[in-house]
Amino acid sequence: MEHLLNPKAREIEISGIRKFSNLVAQHEDVISLTIGQPDFFTPHHVKAAAKKAIDENVTSYTPNAGYLELRQAVQLYMKKKADFNYDAESEIIITTGASQAIDAAFRTILSPGDEVIMPGPIYPGYEPIINLCGAKPVIVDTTSHGFKLTARLIEDALTPNTKCVVLPYPSNPTGVTLSEEELKSIAALLKGRNVFVLSDEIYSELTYDRPHYSIATHLRDQTIVINGLSKSHSMTGWRIGFLFAPKDIAKHILKVHQYNVSCASSISQKAALEAVTNGFDDALIMREQYKKRLDYVYDRLVSMGLDVVKPSGAFYIFPSIKSFGMSSFDFSMALLEDAGVALVPGSSFSKYGEGYVRLSFAYSLDTLREGLDRLELFVLKKRESMQTINNGV
Ligand SMILES: Cc1ncc(COP(=O)(O)O)c(C=O)c1O
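Here we summarise the structure given alongside this text. (Residues numbered from 1 in each chain as written. Predicted model: local features only at pLDDT ≥ 70, side-chain atom pairs only at ≥ 80, totals over all residues. Heavy atoms only, no water.)

## Here's the deal with the layout of surface pockets
Over the atoms, a rolling probe the size of a water molecule traces out where space has been left empty.
At step 1: The space that makes up the largest pocket amounts to roughly 830 Å³.
At step 2: In terms of lining, the largest pocket is formed by 32 residues, of which the most central are Gly 36, Ser 99, Tyr 123, Asn 172 and Lys 231.
At step 3: Among the elements of the structure, helix 2 (16-25), helix 5 (97-109) and helix 6 (127-132) are those that each provide at least two residues to the lining of the largest pocket.
At step 4: In terms of residue class, the lining of the largest pocket is built from 16 nonpolar, 11 polar and 5 charged.
At step 5: Taken as a whole, the second largest pocket holds about 500 Å³ of empty space.
At step 6: Taken together, 17 residues make up the lining of the second largest pocket; nearest its centre are Glu 13, Ile 14, Ser 15, Pro 124 and Glu 127.
At step 7: Considering each element in turn, the lining of the second largest pocket owes the most residues, 3 residues, to helix 6. (1 Å grid on protein atoms, 1.4 Å probe; cavity = no way out; pocket = protein on both sides within 12 Å on 5 of 7 lines; lining within 4 Å. Points joined across faces, edges and corners; volume = space filled by probe spheres on them. Helix = DSSP H or I, 4+ residues; strand = E, 2+ residues; numbered from the N terminus. Nonpolar A, V, L, I, M, F, W, Y, C, P; charged D, E, K, R; others polar.)

## Notes on the pattern of salt bridges
At step 1: This structure, assessed with the given rule, holds 19 salt bridges.
At step 2: Asp 29 serves as the salt-bridge partner of Arg 374, at 3.2 Å between the closest nitrogen and oxygen. Of this pair, Arg 374 sits in helix 14 (residues 365-390) while Asp 29 sits in the loop between helix 2 and strand 1 (31-32), and the two are 345 residues apart along the sequence.
At step 3: For Arg 374, a relative accessible area of 16% corresponds to the buried category.
At step 4: Accessibility expressed as a relative area gives 61% for Asp 29, which makes it exposed.
At step 5: Lys 52 serves as the salt-bridge partner of Glu 56, at 3.4 Å between the closest nitrogen and oxygen.
At step 6: Because the salt bridges share partners, they merge into one network encompassing Asp 29, Glu 370 and Arg 374. (Salt bridge = Lys/Arg side-chain N within 4 Å of Asp/Glu carboxyl O. Buried < 20%, exposed > 50% of the residue type's maximum accessible area, 1.4 Å probe, protein only.)

## Concerning empty space enclosed by the protein
At step 1: A complete count under the given rule lists 3 cavities of 30 Å³ or more for this structure.
At step 2: For the largest cavity, the calculated volume is near 120 Å³.
At step 3: If you trace the largest cavity, you find 18 residues lining it, with Tyr 169, Thr 177, Leu 178, His 212 and Tyr 213 closest to the centre.
At step 4: The class makeup of the residues in the lining of the largest cavity is 9 nonpolar, 6 polar and 3 charged.

## Concerning the pairing of strand 12 (residues 357-360)
At step 1: The side-chain alternation of strand 12 yields two buried faces, one formed by Val 357 and Leu 359 and the other by Arg 358 and Ser 360.
At step 2: Bridge analysis of strand 9 (residues 316-317) against strand 12 gives 2 bridges, and the strand direction is antiparallel. When the bridges of strand 12 are listed, Ile 317 appears paired with Leu 359.
At step 3: In terms of strand pairing, strand 11 (residues 344-345) meets strand 12 through 2 bridges, oriented antiparallel. Paired with Val 344 across the two strands is Arg 358, which belongs to strand 12. (Pairing = 2+ DSSP bridges.)

## Description of the site of the ligand
At step 1: Residues in close proximity to the ligand total 13 residues, the closest being Ser 99, Asp 200, Ser 230, Lys 231 and Arg 239.
At step 2: Here a nitrogen atom of the ligand and a side-chain polar atom of Asp 200 are 2.6 Å apart.
At step 3: Across the complex, the protein chains shield 92% of the 400 Å² of accessible surface that the ligand would expose by itself.
At step 4: The site holding the ligand turns out to be the largest pocket.
At step 5: Top element by residues in the shell around the ligand is helix 5. It accounts for 4 residues.
At step 6: The class makeup of the residues in the shell around the ligand is 6 nonpolar, 4 polar and 3 charged. (Near = heavy atom within 4 Å. Polar contact = N/O pair within 3.5 Å; in protein donor to acceptor, adjacent residues only side chain to side chain. Areas by Shrake-Rupley, 256 points an atom, 1.4 Å probe, with all protein chains shown as cover. Sits in = over half its atoms within 2 Å of the grid points.)

## Thoughts on helix 3 (residues 44-55)
At step 1: For helix 3, built from 12 residues, the straight-helix expectation of 16 Å at 1.5 Å per residue is met to within 8% by its first-to-last C-alpha distance of 17 Å.
At step 2: Among the residues making up helix 3, those that are buried are Val 46, Ala 49, Ala 50 and Ala 53. All buried residues of helix 3 lie within an arc of 100° about the axis, which places them on one face of the element. Residues of helix 3 that are exposed and point more than 90 degrees away from the buried face comprise His 44, Lys 51, Lys 52 and Asp 55. (Expected span 1.5 Å × (residues − 1). Arc of directions from axis to C-beta.)

## What to know about the nonpolar core
At step 1: By size, the foremost hydrophobic cluster in this structure holds 64 residues, and its most contacted members are Phe 106, Tyr 126, Ile 224, Leu 243, Ile 253, Leu 301 and Phe 361.
At step 2: Looking at which element gives the most residues to this core, the answer is helix 5, with 7 residues.
At step 3: If near-sequence neighbours (up to four positions away) are discounted, Ile 253 is found in contact with Ile 93, Ala 104, Ala 105, Thr 108, Ile 224, Leu 243 and Ala 245. (Core = buried A, V, L, I, M, F, W, Y, C linked by side-chain atoms within 4.5 Å. Contact = heavy atoms within 4.5 Å.)

## What to know about the side chain of Ser 312
At step 1: Position of Ser 312 relative to the elements: it lies in the loop between helix 12 (282-303) and strand 9.
At step 2: With near-sequence residues (within four places) excluded, Ser 312 lies in contact with Gly 175, Val 176, Thr 177, Leu 206, Thr 207, Tyr 208 and Asp 209.

## Remarks on the side chain of Ser 268
At step 1: Residue position: Ser 268 is located in helix 11 (residues 266-278).
At step 2: Since its relative accessible area comes to 7%, Ser 268 is described here as buried.

## A closer look at the packing of helix 3 against helix 11
At step 1: For the pair helix 3 and helix 11, interaxial distance at closest approach is 8 Å and the crossing angle is 145°. For the pair helix 3 and helix 11, the sense of crossing is right-handed. Seen from helix 3, the contacting residues are His 45, Val 46, Ala 49, Ala 50, Ala 53 and Ile 54; seen from helix 11, they are Ile 267, Lys 270, Ala 271, Glu 274, Ala 275 and Asn 278.
At step 2: In the contact of helix 3 with helix 11, the residues fall into 8 nonpolar, 2 polar and 2 charged. (Axes fitted to C-alpha atoms, helices over the stretch in contact; angles between N-to-C directions. Left-handed = near helix turned anticlockwise from the far one by under 90°.)

See the structure below:
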């Protein structure tokens, strides 16, 4: 019966991250620096709110867009965090994680033949959904632009079929963010064109140099903002995302969302209400730890002589391994087998990630130290053996 399936579903590839994690699981004594979620527990007060909700039998369907009380609390939270002005009743939808917000947004705006411009390397969660819609991902090489999708690069990729530009900053896998000036130039380029921006801001609370800035401030009418609590409050398993869009767009996204999931989990919504009401600074404590780890990891990679762009957000760093003359998959496999360290091959993040590896610093400093010690030894040995070959020995 498999041949009867939607070819677009059959063609979806298992993500490179998943494939590599399966290989890692077959090895013992591995320091894995591959994870894409915070290593902290969900804050205690948030868990307590969920327990209370269960005890009080808050176990029914909720309004499709989420409890109004939660949307109002999210409205206030985002007003204070990012100076957002979205109406709780008509412009905010509570989703099942950022992933489902992305899915609902794409399925609402995309038709077959539409093109979606995205920076590469990129998080692998967008491309399969765009393909399922019959639209075309147009991934732009950002490797010689510090991994930033600039207004100039977007301009070069625009065609009459362009329907959307994805701005996933701070970025997974590179940790790079766009500044206010850079976002303003993109907004100026796109203003008035029939093009949406899908701004995935799930790492917005994890920025290290300057506060996060949203393109929605300058391009509100054309922008759909994706956010949520997975990364800021270490709530990946609770599945709570937020979608912000102007009323006329949100009302259509809400229909797609409604026929997909009805609503986000009632218990998780009560936990989310506590998080955004009394957990305004929860992310700060985690952010301090990430910042220390970032500085440590960056210094170590630089001292190993690896070419690396210093991240200013999220919890990933993306060093180049081009000097070793191996594919990112072969490099990661050799590192796993010879040194017992797991990093995600850059090719998991589109073809423009080839030549890089992703290291997650959502791990304790002790784990990072051990992983980096092993990586350093591996790099030294690789260089020595390359030297030997070059010398013709
Ligand atoms: C850029 C980006 N967007 C969205 C998601 C998905 O977030 P959620 O777990 O809330 O669905 C991730 C998860 O790693 C991500 O890195």
